[in-house]
Amino acid sequence: MKTGVVLEGGAVRTIFSTGVCDALLTRDLLPDYVIGVSAGIAYGVSYVSRQSRRNLEIMVNYINDKRYMGARNLLRRNNRAYFGLDFVFGAIPNELVPFDYAAFSAFPGEVEAVVTNLETGGAAYFPVDIRDQKFTLLRATCAMPLLFPVFRIQGIPCLDGGAADAIPYERALDKGCGRLIVVLTRERDYVRRPEKLQPLMDLVYHQYPRFCDTMRRRADAYNEARRRLFQLEREGRVLLFAPTSTEGFHRTERDVDKIRVLWQDGYDQGLARLNEAEAFLRG
């Protein structure tokens, strides 16, 4: 039976997911298929390349580096994003905390990232092509509205995949995965509220009315997706991980101690359920 791992986004909150994945790597547990959204897959490629704790190292060493993230990056004409794109997707993987391109390429399964097509308002799914060492697709899937420029993938204007498909488990099911490990970045009882900045979204992205509609429906769609996901968990088709608490933890969190705690939560949960995860992925 084909297996999959699904990684929700959530910017820095995704350090929880890396803790879970690092625990899975203690037994070299990898599925046939990996899909992620935003930071979920931007961090998730290190899971596929079997580089345990790489993301934690990046966070601890660079989260407070102005080149990594900060409002000044938005003002730089060649960047226009809250995160320093060339630093995060260039200097770090290619120089400072090297990414193992060879190990990623040796992965026998399939890896996909999700973006939101601004013209249709729907999700689009693309394979992560590691030959693109600028990580253009990963930049696009991480492109939070209002905080990133619009990217084009195969000519399609795109932003953060979390707008259209925040937890892409249905894509994994459509790809033939009969068993899924799904890692959330919000607590089980979390309920998304309507977008407070919707009027600004409508103004900034007025040329993409379907995308604006997607953002307007985002909270309801997300909450319904979680409801269905929990049902799949009860049916035994999904092994689900979720943070114990993200209270007081911002998506652009800079407190290294908080980051370590959230990573440890994921790691501890992963270790505690290793036998269950192994049965799920190798059963």
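A short tour of the structure in this document, coming up.

Rules used in this analysis
- Residues numbered from 1 in each chain as written.
- Predicted model: local features only at pLDDT ≥ 70, side-chain atom pairs only at ≥ 80, totals over all residues.
- Heavy atoms only, no water.
- Buried < 20%, exposed > 50% of the residue type's maximum accessible area, 1.4 Å probe, protein only.
- Helix = DSSP H or I, 4+ residues; strand = E, 2+ residues; numbered from the N terminus.
- Contact = heavy atoms within 4.5 Å.
- Pairing = 2+ DSSP bridges.

A few points about helix H3 (residues 54-62)
Inference 1: What H3 keeps buried is the set Arg54, Asn55, Leu56, Ile58, Met59 and Tyr62.
Inference 2: Residues of H3 that are buried in the fold lie against helix H1 (15-25), helix H2 (39-48), helix H5 (85-96) and helix H11 (256-272).

Some details on the environment of Ile130
Inference 1: Residue placement: Ile130 occurs in the loop between strand E4 (123-127) and helix H7 (136-141).
Inference 2: Among all residues touching Ile130, those that are not within four sequence positions of it are Phe99, Tyr101, Phe104, Ser105 and Phe135.

Regarding unusual backbone geometry
Glycine aside, residues mostly have negative phi angles, and peptide bonds mostly take the trans form.
Inference 1: The backbone of Arg53 sits at a positive phi, close to 65°, despite the residue not being glycine.
Inference 2: Counting through the fold element by element, Arg53 comes out in the loop between H2 and H3.
Inference 3: Taking the relative accessible area as the measure of exposure, Arg53 reaches 40% and is therefore partly exposed.
Inference 4: Positive phi values are uncommon outside glycine, yet Gln154 reaches one of about 50°.
Inference 5: Within the secondary structure, Gln154 sits in the loop between strand E5 (151-153) and strand E6 (156-160).
Inference 6: Exposure remark for Gln154: the relative accessible area of 69% places this residue in the exposed category.

A few points about the pairing of strand E8 (residues 238-241)
Inference 1: Here E8 shows two buried faces, one formed by Val238 and Leu240 and the other by Leu239 and Phe241.
Inference 2: By the bridge criterion, 4 bridges tie strand E7 (residues 179-183) to E8 in an arrangement that is parallel. Among the inter-strand pairings, Leu180 is bridged to a residue of E8, identified as Val238.

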